[in-house]
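As a plain string of letters, each chain reads:
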Amino acid sequence: MLLANKKIVLVISGGIAAFKAAALASLLGKEGAVVKCVMTQHATAFITPLTLREITGNPVAVDMFGDTFEFNIEHIALARWADAFVVVPATANIIGKIANGIADDLATTTLMATKAPVMIAPAMNSNMYLNPVVQGNLQKLKALGYVIAEPDSGRLACGIDGVGRLPDPDILVEYIEKTTCSSALLRGKKVLVTAGGTRERIDPVRYIGNRSSGRMGFAVAKAAMLAGADVTLVAAPSALPAPLGVHRIDVGTTLEMQAACEEIYDSVDLVVKAAAVADYRVARPAENKIKKSSETLTVELAKNPDILYGLGQKKTHQVLIGFAAETTNVIEYGMGKLKKKNLDMLVANDVSVAGAGFQGTTNIATFLFPDGRSEAMEMMSKFELAQKIISAGAALVAAKESAEA
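- The chain carries the name Coenzyme A biosynthesis bifunctional protein CoaBC in an unreviewed UniProt entry, which gives Megasphaera vaginalis as its organism.

Dropping the structure here:
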């Protein structure tokens, strides 16, 4: 878990969305974070300190001059303790105070004293949010390095539809992960990732596909984003949401994926081709739904282009990483694909082994390299494997740049 043992201070201000801080605190705890809360006096009108104390297992600080629990000087102790501060919800009032250096209560004093990164999640009436003064304060905070979680649009507590709704807790967790877990490993680099299983149309309601969930590719895209890269994810049909900050291009067929990849290929530094691409397509898809008029149905298939092979032949400055899902002779077949497709690295796995197949949340893989090296990985979560793939990819990018210098 990315947030395991991360120390997060939630600063809850006095907006109607304050009750959602409880769900966020609970989710952060499930992700392994240690959470402490600071509340403004106005926030206590919407949610009680007792609720947050029971969820986090830690005392909740409200009064600048009240009990300080285990802290000697509470605002300084919290400021030093935290890996990150999260202001949720952030009202127009507290945004204005932070932007203009006003520290007149425990919440704003603590925020002013910390050197930890601060994430602000605005939530308010649409007119308030769009007010030039509020927007100016948010732009000022962005320029100072504060992370702003953009609010959602929808039905607001005031009864109107518009922008200003606090994002769901899982989205806020993604912002917090980006705030606390980002690195500069691939800063300034562009990364292309493919994910999911392509689908080849038989008729308007049927297709030929595979069992890929897309989880591995989506995990790689997230790992690349957290490494500081500008990431484009070319995704075959998948119900998974795109990782925060990742540009997603949705495609259906192998030919569509090929076109999307080739369009941006020249501009990228690293390609991780994790999609499960259909090797064949229907030669002549039916214009209308095929009726069950006979006991058998014959469908003629035509060979699809090998996207990875094509990229390998046109490779110049790019580092190209492919995947090979096998059921027998994994290393032998993987090495053959690595060389044939002109790859810099291949991630080979035996999808018949428990813990390494489609649909699951874990994977078991071996990294193969052109010089004959191989690195076997133990079973781990797909995101943990994605982090190792991105780390290896970043090293290959650096080595290539050094060789070309």
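## With respect to the UniProt feature "active site" (unreviewed entry) in the chain
Part 1 of the reasoning: UniProt's entry tags C158 with the feature "active site" (unreviewed entry), counted in the numbering of this structure.
Part 2 of the reasoning: Inspection of the secondary structure assignment puts C158 in the loop between β7 (152-155) and β8 (161-165).

## Overview of the sheet that holds strand β14 (residues 270-273)
The strands making up a sheet associate through hydrogen bonds between their backbones, and the pairing can be parallel or antiparallel.
Part 1 of the reasoning: A sheet is described by the order of its strands in space; here eight strands give the open sequence β13-β12-β9-β14-β17-β18-β20-β21, paired in mixed fashion. Two strands lie at the open edges of the sheet, namely β13 (247-250) and β21 (374-376), each paired on one side alone. Averaged over all pairs of adjacent strands, the angle between strand axes in this sheet comes to 15 degrees, irrespective of strand direction.
Part 2 of the reasoning: Strand direction decides the pairing type here: strand β12 (residues 230-235) and β13, joined by four bridges, are parallel. When the sheet's bridge partners are listed, L233 is paired in β13 with R248.
Part 3 of the reasoning: Against the sheet, helix α10 (residues 254-264) engages β9 (190-195), β12, β13 and β14, with an angle of about 175 degrees to β9.
Part 4 of the reasoning: Sheet contacts for helix α12 (residues 330-340): β17 (319-326), β18 (345-350) and β20 (366-368); angle to β18, the most-contacted strand, approximately 155 degrees.

## Here we look at a nonpolar patch on the surface
Part 1 of the reasoning: Taken together, the side chains of Y280, L297, V299 and L301 define a hydrophobic patch exposed on the protein surface, amounting to about 360 Å² of accessible area.
Part 2 of the reasoning: Structurally, Y280 can be placed in strand β15 (residues 280-282).
Part 3 of the reasoning: Overall, the relative accessible area of 43% leaves Y280 in the partly exposed class.

## Thoughts on the domain arrangement of the chain
Part 1 of the reasoning: Here the chain is partitioned into domain 1 (7-181) and domain 2 (190-404).
Part 2 of the reasoning: Its C-alpha centre places domain 1 at a distance of 39 Å from the equivalent point of domain 2.
Part 3 of the reasoning: Listed by partner, the interface residues are five residues for domain 1 and six residues for domain 2.
Part 4 of the reasoning: Summed over both partners, the interface of domain 1 with domain 2 buries about 540 Å², with 63% contributed by carbon and sulfur atoms.
Part 5 of the reasoning: In terms of surface lost to domain 2, no three residues of domain 1 exceed E174, E177 and K178, which account for 73% of the buried area on that side.
Part 6 of the reasoning: For the pair domain 1 and domain 2, the number of links is one salt bridge.
Part 7 of the reasoning: Summed over the shared surface of domain 1 and domain 2, the result is two residue pairs in polar contact (both at pLDDT 80 or more).
Part 8 of the reasoning: Of the residues in the side of domain 1 that touches domain 2, the class split is two nonpolar, no polar and three charged.

Parameters and conventions
- Residues numbered from 1 in each chain as written.
- Predicted model: local features only at pLDDT ≥ 70, side-chain atom pairs only at ≥ 80, totals over all residues.
- Heavy atoms only, no water.
- UniProt positions renumbered as here; feature names shortened; annotations may be inferred.
- Helix = DSSP H or I, 4+ residues; strand = E, 2+ residues; numbered from the N terminus.
- Pairing = 2+ DSSP bridges.
- Axes fitted to C-alpha atoms, helices over the stretch in contact; angles between N-to-C directions.
- Contact = heavy atoms within 4.5 Å.
- Patch = residues over 30% accessible without salt bridge, like charges linked within 9 Å, V, L, I, M, F, W, Y side chains within 5 Å.
- Areas by Shrake-Rupley, 256 points an atom, 1.4 Å probe, with all protein chains shown as cover.
- Salt bridge = Lys/Arg side-chain N within 4 Å of Asp/Glu carboxyl O.
- Buried < 20%, exposed > 50% of the residue type's maximum accessible area, 1.4 Å probe, protein only.
- Domains from an automatic or database assignment.
- Buried area = accessible area lost by both parts, 1.4 Å probe.
- Polar contact = N/O pair within 3.5 Å; in protein donor to acceptor, adjacent residues only side chain to side chain.
- Nonpolar A, V, L, I, M, F, W, Y, C, P; charged D, E, K, R; others polar.

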